[in-house]
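# Observations on the model geometry
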Amino acid sequence: MKILVIGSGAREHAIVHRLAQESDSHELHAAPGNPGIGELAQLHRLEATDGVAVAALAQQLAVDLVVVGPEAPLVAGVADAVRMVGIPAFGPSAAAAALEGSKAFAKDVMASASVPTAMAHVCTRVDEVAAAVDAFGPPYVIKDDGLAAGKGVVVTSDRLEALEHARTCLANPEGAGQVVVEEFLDGPEISLFCVSDGTDVVALAPAQDFKRALDGDAGPNTGGMGAYSPLPWAPESLTADVLDRVARPTIAEMAHRGTPFAGVLYVGLALTSRGLRVIEFNARFGDPETQVVLSRLASPLSTLLRAAATGALADLPRLRWSEDAAVTVVVASHGYPGAVRSGEPITGTEDANALEGVHVLHAGTAVSDDGALVSSGGRVLSVVATGGSLAEARARAYRGVDAIGLPGSHHRTDIAARVAEEA
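Small disclaimer: the values here were computed from a predicted structure and weren't measured.

Turning our eyes to something else, we now look at the sheet that holds strand 16 (residues 262-272). Reading across the sheet, the four strands line up as 11-10-16-17 and stay open at both edges, with antiparallel pairing between neighbours. Only two strands of the sheet have a single partner each, and these edge strands are strand 11 (201-203) and strand 17 (275-282). For this sheet, the mean angle separating the axes of adjacent strands, direction not counted, is 30°. Of the pairings in the sheet, the one linking strand 10 (residues 189-197) to strand 11 comprises three bridges and is antiparallel in character. The partner of Val195 across the bridge, within strand 11, is Val202. In the packing of helix 11 (residues 301-309) onto the sheet, the strands contacted are strand 10 and strand 16, and the crossing angle to strand 10 comes to about 60°.

Put into structure tokens, the structure is as follows:
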């Protein structure tokens, strides 16, 4: 197939990397892409949220499929624009992407579909937030209602910190003007990607990511500092339970509302003392979980994506998975998730890629005027490794991290550590 991937992060690099590994030789394009993606696909300069430009490029290239990676283009209606010119697009419509674009909307859908989730209050004033946090008690969970690149959630036992985060969100002139205050959900968290064509649903392998910036789950929330798959501790019935109790009812409710959801329904879960609960929905593949999930997928990714984009999931053969484990570790810029340094030289990616079972995915990278690879964002690289066990995959991933040089960078040293020791 001739495939155009929209986006510039490690998630999109993971998608392109997996497509490039397929036995069928695809013609791969990406916009805007990044230097790592550029080694596997032809890059095109355009604004990822410009649906008219993306649709025009797709027509010009005569592609068979457009894959929209990030949430911002989806919420902006890029997939709609592509479909309007008659080209299959993988990714939900703008109306359906509101499942991620508005946490309040997602809560309403969950309620209508009887999806188990945390109790919540939608608040538009700080005094409403104060009443809600007092009703729930600590730890306090405050979520920015709109898109926040994975950093709009604060979980804290400090009431003043919770109220200050709410105040900041509500005061943001580009924000949604409301926040969601939730009860705290205990228990381990799981990410499960459910691919839908608007009617049928197929689940991918579950993964677990690490949101906090520092070892031991300390520090501020980030977009994700690492992930692993599979989850040897998860119940065998997990995937079936999520499909039956969460994904299928949600897809049915979206269709009932006249906004069918075709794409990836990212289900963020907590296995609480009271059972399975949904933490959040996203409308696209998660980063960094995509990096490990796709590295274990043995079935052709292109076939899965096109089936979802064309309403043909019912005809898709059962997905096949590698028995190997996968671990990814994010190398982040100095200061991330706050103000970061850009333009720092990156070395050692080729050395890391040469290691057994290791590949490096680019996120916040660029090429300087003199042709050097430099940092250009918060999360700079994802070092991914596979192995016969989580312990082996983890050891390989950190060997890859050790081969890379980035002044002032930081990464977590405990990704998958506990589960690898217990496995």
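The next subject is the pairing of strand 18 (residues 325-332). Residues in a regular strand point their side chains to alternate faces of the sheet. Where burial is concerned, most of strand 18 is hidden: eight out of the eight residues are buried. Here strand 18 shows no split at all, with Ala325, Val327, Val329 and Val331 on one side and Ala326, Thr328, Val330 and Ala332 on the other all buried. Two strands pair when backbone bridges link them, and strand 15 (residues 226-229) and strand 18 are joined in this way by four bridges, in the antiparallel orientation. What sits directly across from Tyr228, in strand 18, is Val327.

What follows deals with the pattern of salt bridges. Using the criterion set out here, one finds 22 salt bridges in the structure. Taking the shortest distance from any N to any O, the salt bridge between Lys2 and Glu27 comes out at 4.0 Å. In this pair, Lys2 is assigned in strand 1 (residues 2-7) and Glu27 in strand 2 (residues 27-32), connecting sequence segments 25 residues apart. The salt bridge partner of Glu183 is Arg274, with a shortest N-O separation of 3.3 Å. Linking Glu183 in the loop between strand 9 (179-182) and strand 10 with Arg274 in the loop between strand 16 and strand 17, this pair joins segments that are 91 residues apart in sequence. Each of Arg11, Glu12, Glu71, Glu100 and Arg284 takes part in one network of salt bridges that share partners.

On to the environment of Asp217. You can see Asp217 is positioned in the loop between strand 13 (212-214) and strand 14 (218-221). Linking Asp217 and Arg412, residues 195 residues apart in sequence, is a C-alpha distance of 9.3 Å. Polar contacts involving the side chain of Asp217 include one to the side chain of Arg412, which spans 3.1 Å.

What follows is about the sheet that holds strand 22 (residues 379-387). Taken together, five strands build an open sheet; the order of strands is 12-15-18-22-19 and the sheet is antiparallel. Each edge of the open sheet carries a strand with a single partner, namely strand 12 (208-209) and strand 19 (358-362). By the bridge criterion, eight bridges tie strand 18 to strand 22 in an arrangement that is antiparallel. Residue Ala332 lies in a different strand from strand 22, and its bridge partner there is Arg379. Contacts from helix 1 (residues 10-20) reach strand 19 and strand 22 within the one sheet, and its direction differs from that of strand 19 by about 130°. Sitting on the sheet, helix 10 (residues 289-296) touches strand 12, strand 15, strand 18, strand 19 and strand 22, and the angle it makes with strand 18 is about 150°.

A general tendency of soluble globular proteins is for nonpolar side chains to be buried together. Core analysis: the largest hydrophobic core is formed by 75 residues, its most contacted members being Val66, Cys194, Val242, Val267, Leu269, Phe281 and Val327. Examining the composition of this core, we find that seven residues originate from one element, helix 9 (residues 238-256), more than from any other. Among the nonpolar cores identified, the runner-up in size contains 35 residues, and Phe193, Val293, Leu313 and Leu319 belong to it.

Bringing the packing of helix 7 (residues 126-136) against helix 8 (residues 159-171) into the picture now. Packed helix pairs are characterised by how far apart their axes lie and by the angle those axes make with each other. Closest axis-to-axis distance for the helix 7/helix 8 pair is 10 Å, and the angle between their directions is 145°. Of the two possible hands of crossing, helix 7 and helix 8 adopt the one that is right-handed. Listed contacts from helix 8 to Val126, Val129, Ala130, Val133 and Asp134 of helix 7 are Arg159, Leu163, Ala166, Arg167 and Leu170. Within the contact of helix 7 with helix 8, the residues separate by chemical class into seven nonpolar, no polar and three charged.

Now for the environment of Gly226. Residue position: Gly226 is located in strand 15. Accessibility expressed as a relative area gives 0% for Gly226, which makes it buried. Considered as a pair, Gly226 and Val292 are 66 residues apart in the sequence and their alpha carbons are 9.3 Å apart. Contacts of Gly226, omitting those with residues within four sequence positions, involve Gln208, Asp209, Phe210, Pro288, Thr328, Val329, Val330 and Ile415.

Put simply, Ala31 and Pro32 share a cis peptide bond, and its omega is -10°. Each neighbour pair has its own omega, and for Ser229 with Pro230 the value is 5°, a cis peptide bond. Assignment of secondary structure puts Pro230 in the loop between strand 15 and helix 9. Unlike most non-glycine residues, Ser114 shows phi in positive territory, near 55°. Among the secondary structure elements, Ser114 is positioned in the loop between helix 6 (103-112) and strand 6 (120-123). Owing to a relative accessible area of 61%, Ser114 belongs among the exposed residues under this scheme. A positive phi angle, near 55°, is found at Asp217, a position not held by glycine. By relative accessible area, Asp217 is classed as partly exposed at 47%.

Here is what the cut-offs are and how they apply
- Residues numbered from 1 in each chain as written.
- Predicted model: local features only at pLDDT ≥ 70, side-chain atom pairs only at ≥ 80, totals over all residues.
- Heavy atoms only, no water.
- Pairing = 2+ DSSP bridges.
- Helix = DSSP H or I, 4+ residues; strand = E, 2+ residues; numbered from the N terminus.
- Axes fitted to C-alpha atoms, helices over the stretch in contact; angles between N-to-C directions.
- Contact = heavy atoms within 4.5 Å.
- Buried < 20%, exposed > 50% of the residue type's maximum accessible area, 1.4 Å probe, protein only.
- Salt bridge = Lys/Arg side-chain N within 4 Å of Asp/Glu carboxyl O.
- Polar contact = N/O pair within 3.5 Å; in protein donor to acceptor, adjacent residues only side chain to side chain.
- Core = buried A, V, L, I, M, F, W, Y, C linked by side-chain atoms within 4.5 Å.
- Left-handed = near helix turned anticlockwise from the far one by under 90°.
- Nonpolar A, V, L, I, M, F, W, Y, C, P; charged D, E, K, R; others polar.

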